[in-house]
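Analysis of the macromolecular model
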Amino acid sequence: MKPRTYHLTETTTATPRQVLDAITDFGPGRQEIFGNSADQFLEVHDLGDTYADVTEGTGKGDKPVSWERLRYDWSDPSRVSMKVLDSNVFSSDSSHTYAITPQADGTTRVDVDVVRVGKNLKGRVISLVVSTIGKGSLAKALHNTIKAIETRDARSLVA
């Protein structure tokens with residue numbers, strides 16, 4: 001199946017370090033940053049200084065609607081790559097990459113590339129819907145993630 005690729009960009013007042021720390025925080029409350037990563041389906045299999053092997057899922061109740069086991073790599077702190085190792089809907093040709101770039105005005109640019117390859121009918125349908133009418137939902141999800149990072153960092157300054 002042909003990969004579907006999406007490129008998204010947001011600018012934030014959070015520092016590059018704050019963005020990196022939020023992306024690589026696999027503790028409770030992850031769903032506050034990433035709305036599609038329900039805490040009840042989060043499982044950390046392995047965690048190092050610059051990598052993680054994590055299963056994340058979305059949905060409610062005791063069974064996820066969709067899930068992915070991802071290999072995170074942030075050995076370059078300006079880039080976080082997430083390779084799909086296994087999923088109930090996407091093939092291992094799927095990935096996410098976050099490029100985190102400081103700007104001259106003190107803001108941080110976050111570029112996200114998402115590659116989706118459905119591995120079954122459900123995955124192909126999700127990929128098709130996102131590529132036709134759902135790209136806005138990916139952009140909204142990234143926007144919400146960035147706002148959540150800024151809110152989280154504002155709270156930590158007050159605490």
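The residue numbering used here restarts from 1 in each chain and proceeds along that chain's sequence as written. Reporting in this predicted model follows two pLDDT cut-offs: at least 70 for local features of residues, and 80 or more for side-chain atom pairs to be given and counted; totals over whole chains, interfaces and linings ignore these cut-offs and use all residues. Heavy atoms from the whole structure form the basis of all side-chain values; hydrogens and water molecules are not counted.

Thoughts on the overall build of the chain
The condition that has to hold: Only DSSP runs of H or I with at least four residues qualify as helices, and only runs of E with at least two residues qualify as strands; both kinds are numbered from the N terminus onward. For the radius of gyration, the atoms used are the C-alpha atoms, and the globule rule reads 2.2 Å times the number of residues raised to 0.38. Categorising residues by exposure relies on relative accessible area from a 1.4 Å probe, with only protein chains included: less than 20% of the type maximum marks a residue as buried, more than 50% marks it as exposed, and the intermediate range marks it as partly exposed. When charges are counted, Lys and Arg contribute as positive and Asp and Glu as negative, whereas His and the chain ends are disregarded. Think of each charge as sitting on NZ of Lys, CZ of Arg, CG of Asp or CD of Glu.
Each helix and strand counted, the chain has three helices and seven strands in total. Start at the N end of the chain and walk to the C end: the helices and strands fall as β-α-α-β-β-β-β-β-β-α. Relative to its length of 159 residues, the chain is compact, with a C-alpha radius of gyration of 15 Å against a globular reference of 15 Å. Counting only C-alpha atoms and orienting by the principal axes, one finds that the chain spans roughly 45 × 30 × 30 Å. With 159 residues in all, the chain has 40% of them scored as buried. Counting 20 positive and 21 negative side-chain charges, the chain places the averaged centre of each group 8 Å from the other.

Digging into the environment of Thr-13
Note on placement: Thr-13 falls in the loop between strand S1 (4-12) and helix H1 (16-23). Thr-13 sits 127 residues away from Lys-140 along the chain, and the two C-alpha atoms are 17 Å apart.

Topic: the nonpolar core
The line we're drawing: Here the nonpolar core consists of buried residues drawn from Ala, Val, Leu, Ile, Met, Phe, Trp, Tyr and Cys, with membership extended through side-chain atoms lying within 4.5 Å. Any two residues whose heavy atoms approach within 4.5 Å at even a single point are treated as in contact.
In terms of nonpolar packing, the biggest core is built from 29 residues, with Ile-23, Tyr-72, Trp-74, Val-80, Met-82, Tyr-98 and Val-112 touching the most fellow members. Each residue touching Ile-23, except ones within four places of it in the same chain, is listed here: Arg-30, Phe-34, Tyr-72, Val-80, Met-82, Tyr-98 and Ile-100.

Digging into the packing of aromatic side chains
This is how the line gets drawn: Geometry of aromatic contacts follows a simple scheme: Phe, Tyr and Trp rings, the Trp one being its six-membered ring, pair when their centres are within 6.5 Å, and the pair is stacked under 30 degrees between planes, edge-to-face over 60, tilted otherwise.
On inspection of all chains with the given rule, the structure shows two aromatic pairs. On the basis of an interplanar angle of 40° and a centroid distance of 6.3 Å, the ring pair of Phe-26 and Trp-74 is categorised as tilted. Here Phe-26 is found in the loop between H1 and helix H2 (30-33), whereas its partner Trp-74 is found in the loop between strand S4 (66-73) and strand S5 (79-87), with 48 residues between them in sequence. No difference in accessibility class separates Phe-26 from Trp-74, as the two residues are buried. Ring-pair connections join several aromatic residues into one group, and the members of that group are Phe-26, Tyr-72 and Trp-74.

Considering the pairing of strand S2 (residues 43-47)
For clarity, the threshold we go by: Here the rule is simple: two strands pair whenever DSSP picks up at least two bridges between them.
Of the pairings in the sheet, the one linking S2 to strand S3 (residues 51-58) comprises four bridges and is antiparallel in character. By the bridge assignment, Asp-46 is partnered in S3 with Asp-53. The hairpin formed by S2 and S3 contains three residues between the paired strands.

Examining the confidence of the model for the chain
Keep this limit in mind: Confidence of the predictor in every single residue is expressed as pLDDT, which spans 0 to 100.
For the chain, per-residue confidence averages 90 on the pLDDT scale, and 93% of positions sit at 70 or higher. Here helix H3 (residues 121-158) stands out as the element of the chain with the lowest mean pLDDT, 79, in contrast to S2, whose mean of 98 is the highest.

Description of the pairing of strand S7 (residues 108-116)
Of all nine residues in S7, seven are buried; the element is thus mostly enclosed. Where S1 meets S7, nine bridges bridge the pair, whose relative direction is antiparallel. Its bridge partner being in S7, Thr-5 is matched across the sheet by Val-115. Here strand S6 (residues 95-102) runs beside S7; their pairing, made up of eight bridges, is antiparallel.

A closer look at the sheet that holds S5
Filter applied, for reference: For helices, the fitted line uses only the C-alpha atoms of the stretch in contact; every axis is such a line through C-alpha atoms, and the angle between N-to-C directions lies from 0 to 180 degrees.
If you walk across this open sheet you meet the seven strands as S1-S7-S6-S5-S4-S3-S2, and the pairing is antiparallel. This sheet does not close on itself; its edge strands, each paired only once, are S1 and S2. Neighbour to neighbour, the strand axes of the sheet diverge by 20° on average, direction disregarded. Lying on the sheet, H1 is in contact with S1, S4, S5, S6 and S7; it crosses S6 at an angle near 160°.

A few points about the side chain of Ser-91
Turning to its location among the elements, Ser-91 is positioned in the loop between S5 and S6. With residues up to four places along the chain from it excluded, the contact list for Ser-91 reads Val-84, Val-117, Gly-118 and Lys-119.

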